[in-house]
Amino acid sequence: MQQPRGFIHSEFPQHVCKLKKAIYGLRQTPRAWQYSFKAYVLSVGFCTSLSDPSLFIYNKQGVHAFLLVYVDDLLLTGSNARFLHQFMTELSTKFSLKQLGFPHYFLGIEIIPTKYGLLLSQHDYIRELLEKFNMLGAKSVNTPLCMTTPVKLNDGSAAADSKLFRSIIGALQYITLNRPDLSFAINKLSQFKHQPIQVHFQQLKRVVRYLKLTINHGLKLAKPPYLKLHAFTDAD
Amino acid sequence: MHIFALNHCHIIYVSRHVNFVENSFPYQSIIKPFPTCPLIPQYDSTLHSIIHVKKGQNTNINEFSNSAPVFVVPTPSLLLQPESSSSPLSEPSLSPQHELSLSLQPDPSLSLQHEPTSVGIPVIKYNSPSSTINFVPDQVPSLESNNPVQRDPLVTRSQHNIFKPKKIFVVTKHDLQENLEPSTITQALKISHWIDACSAEFNALMNNGTWTLVPRLSHTNVVGCKWLFQIKRNSDGSVSQYKARLVAKGFTQTPGLDFKEIFAPVVKTQTIKVVLTLALGQGWSLHQMDVNNSFL
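Residues numbered from 1 in each chain as written. Chains lettered and ligands numbered in written order. Predicted model: local features only at pLDDT ≥ 70, side-chain atom pairs only at ≥ 80, totals over all residues.

1. Notes on the overall build of chain A
Within chain A, the regular secondary structure consists of six helices and ten strands. When burial is assessed residue by residue, chain A has 27% of its 236 residues classed as buried. Across chain A, contacts joining residues at least 24 apart in sequence account for 53% of those joining residues at least 6 apart. (Helix = DSSP H or I, 4+ residues; strand = E, 2+ residues; numbered from the N terminus. Buried ≥ 20, exposed ≤ 12 C-beta atoms within 10 Å, placed from the backbone. Contact = placed C-beta atoms within 7 Å.)

Right under this line is the structure:
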């Protein structure tokens, strides 16, 4: 890397910086971080989950611990509070950590503890979305999609702004994380992303208007009475 | 193709089949240079040229259509403009040439041959040896004498005195205000708190052992770097921190050469829900942590 302007070495102005560690802006940075963090976590005794590489599981001497890593956001839970604290202090000596305690806001999802469990809500995100697409003053509707007329690929109406269409679809797709009720509508409208027309745009706005009514809805994670795996199969 | 030919008998010949020999100019030596001819009639000043043809032999139409000389009369399109015809110069004069020229229908294909800048040199193309040519150079007025507003129907903003100052040189000489973020390191290094911020970032990188200085090798791609400046504010708008950050220009890296794989995994949403449910079901405590500087 070039020497930073303003801090060029007086003796060796023609020298370049050989990077020993990743710096912001490099393409490898997220991967390098992931690798160095993973190496450390594995050395402590965690092992990677088979289904998700960013989930680390600790299972030794009756102590269970789970560590979720999303680039630089960590979520830790486990059976033994003492082990967790010990691990957290070890981590903060190795990496510069900020301990936030109980997660209130993880990946844009607000985690609200209730009497029955947890409520995952994205109302802040939805409000930002409504503001971004100038739909704050829109009239709300009760259903996400119009049921009487099926959406067709082309019914002769004028083409819509496909870039804006895809932008809204993308923003809505993140909401489906906690809003399974929107999954069908967004899936249906995503099928016209390549060539949206005004009818599709109207339907998309209807979804956003529905969101406005149901802005405070969220996914409720209830406390399960027992933890058992249930499997469902379907013969093909 | 319509070709209009004039001779001294005031006859117009129209021929549909014409061969243009454009690369040879066989009568260059015969054609005299065109002096300012005393025979210039008083005709429309907007007319650029009229070609007189003196033919040695009697020619008829058949000869013309086969091998007769072909004359391209540059017919000015200005003839069509109402203001030129209403100008006092274009009042009917007694000269026969003028009548002839007015009777010509301007052909767009012919007007292609005409260049306004080549004043006095009409374009002539011919292929027959049986004629001598005498030119009457046109009395084209210079562009300055003509009113360009009359000629050009386009209305520009400057005609209505609408001017917009050019924006390219609008640069302030004054020092940057305190509540603005500098965009370059040169700007930043004039202000003390930004110097402090830069030094703090530089020292942090040095303490971290981020790089070592090495002589530049010729075969290596040197990635550029850039300072970014940001003002961190409290919720009431007051400045809490002046932050400088050195970033590498990752877009100058070449895939396959400077880096091979850049994929970094992200969490599946199902995993988050499973972990949360598990913690809830077992009554475990949840902890969130945030890594301060992830460039490790």
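2. A look at the sheet that holds strand E10 (residues 218-222) of chain A
Residue and element names in this part refer to chain A. Strand order in the open sheet formed by four strands is E7-E8-E9-E10, and the pairing between neighbours is antiparallel. The sheet is open, and its two borders are formed by strand E7 (105-106) and E10, each paired with just one other strand. Sheet topology note: the strand E9 (residues 117-121)/E10 ladder contains five bridges and is antiparallel. Residue serine 121 lies in a different strand from E10, and its bridge partner there is glycine 218. (Pairing = 2+ DSSP bridges.)

3. Describing the nonpolar core
Ranked by internal contacts, the top residues of the largest apolar core, which has 52 residues, are Leu67 and Leu68 of chain A. In this structure leucine 68 of chain A touches Ser54, Leu55, Leu74 and Leu75 of chain A together with Val267, Thr271, Ile272 and Val275 of chain B, once residues within four positions along its chain are discounted. Ranked by size, the runner-up nonpolar core spans 15 residues in total, among them Ile168, Leu182, Phe192 and Val207 of chain A. (Core = buried A, V, L, I, M, F, W, Y, C linked by C-beta atoms within 7 Å.)

4. Comments concerning the sheet that holds strand E8 (residues 285-291) of chain B
In spatial order, the strands read E2(A)-E3(A)-E4(A)-E5(A)-E8(B)-E6(A); together these six strands make up an open sheet with antiparallel pairing. Only two strands of the sheet have a single neighbouring strand rather than two, namely strand E2 (47-48) and strand E6 (97-101) of chain A. Strand direction decides the pairing type here: strand E3 (residues 55-60) of chain A and strand E4 (residues 63-70) of chain A, joined by six bridges, are antiparallel. Bridge pairing in E4 of chain A places phenylalanine 56 of chain A opposite leucine 67 of chain A. Helix-sheet contacts for helix H8 (residues 269-282) of chain B involve E3, E4 and strand E5 (73-78) of chain A together with E8 of chain B, and the interaxial angle to E4 of chain A is about 145°. (Axes fitted to C-alpha atoms, helices over the stretch in contact; angles between N-to-C directions.)

5. As for the interface of chain B and chain A
Size of an interface, as often reported, equals the accessible area lost when the parts are brought together. Contacts between the two partners involve 59 residues from chain B, matched on the other side by 65 residues from chain A. Going through the elements one at a time, helix H7 (192-207), strand E5 (211-214), strand E6 (225-233), strand E7 (239-248), H8 and E8 of chain B are the ones with two or more residues in the side of chain B that touches chain A. The leading source of residues in the side of chain B that touches chain A is H8 of chain B, at twelve residues. When its residues are assigned to classes, the side of chain B that touches chain A shows 34 nonpolar, 18 polar and seven charged. In the sheet, E5 of chain A pairs with E8 of chain B via six bridges, with the strands oriented antiparallel. By the bridge assignment, aspartate 73 of chain A is partnered in E8 of chain B with aspartate 290 of chain B. (Nonpolar A, V, L, I, M, F, W, Y, C, P; charged D, E, K, R; others polar.)

6. Regarding the packing of helix H5 (residues 183-190) of chain A against helix H6 (residues 198-213) of chain A
All names here are of chain A. Close contact between H5 and H6 brings their axes to 11 Å; oriented N to C, the two are set at 160°. In terms of orientation, H5 lies roughly antiparallel with respect to H6. The way H5 lies across H6 gives a crossing that is left-handed. Residue-level contacts link Ala185, Ile186 and Leu189 of H5 to His200, Gln203, Leu204 and Val207 of H6. Looking at the contact of H5 with H6, its residues break down into five nonpolar, two polar and no charged. (Parallel < 35°, antiparallel > 145°, perpendicular 65-115°, else oblique. Left-handed = near helix turned anticlockwise from the far one by under 90°.)

7. Structural notes on unusual backbone geometry
Despite not being glycine, glutamine 61 of chain A shows a phi value in the positive range, around 50°. Overall, the presence of 8 C-beta atoms within 10 Å leaves glutamine 61 of chain A in the exposed class.

8. Some details on the confidence of the model for chain B
Residues and elements named next belong to chain B. Taken residue by residue, chain B gives an average pLDDT of 63. The fraction at 70 or more is 44%. Averaged pLDDT values over the elements of chain B bottom out at 42 in helix H2 (residues 82-86) and peak at 83 in E6. Here residues 36-41 is a poorly scored stretch, pLDDT under 50, and it has ten contacts once near neighbours within four places are set aside; other chains count. Contacts from residues 43-146, a stretch scored under 50 in pLDDT, to residues over four places away or in other chains number 152 contacts. Confidence metrics for the complex model read pTM 0.52 and ipTM 0.77. (pLDDT = per-residue confidence, 0-100.)

9. So, H8 of chain B
The end-to-end C-alpha distance of H8 of chain B, which contains 14 residues, comes to 20 Å, matching closely the 20 Å that a straight helix rising 1.5 Å per residue would cover. Among the residues making up H8 of chain B, those that are buried are Ile272, Val275, Leu276, Ala279 and Leu280 of chain B. Looking down the long axis of H8 of chain B, one finds its buried residues gathered within 135° of arc, a one-sided arrangement. On its buried face, H8 of chain B is in contact with E4, E5, E9 and E10 of chain A together with E8 of chain B. (Expected span 1.5 Å × (residues − 1). Arc of directions from axis to C-beta.)

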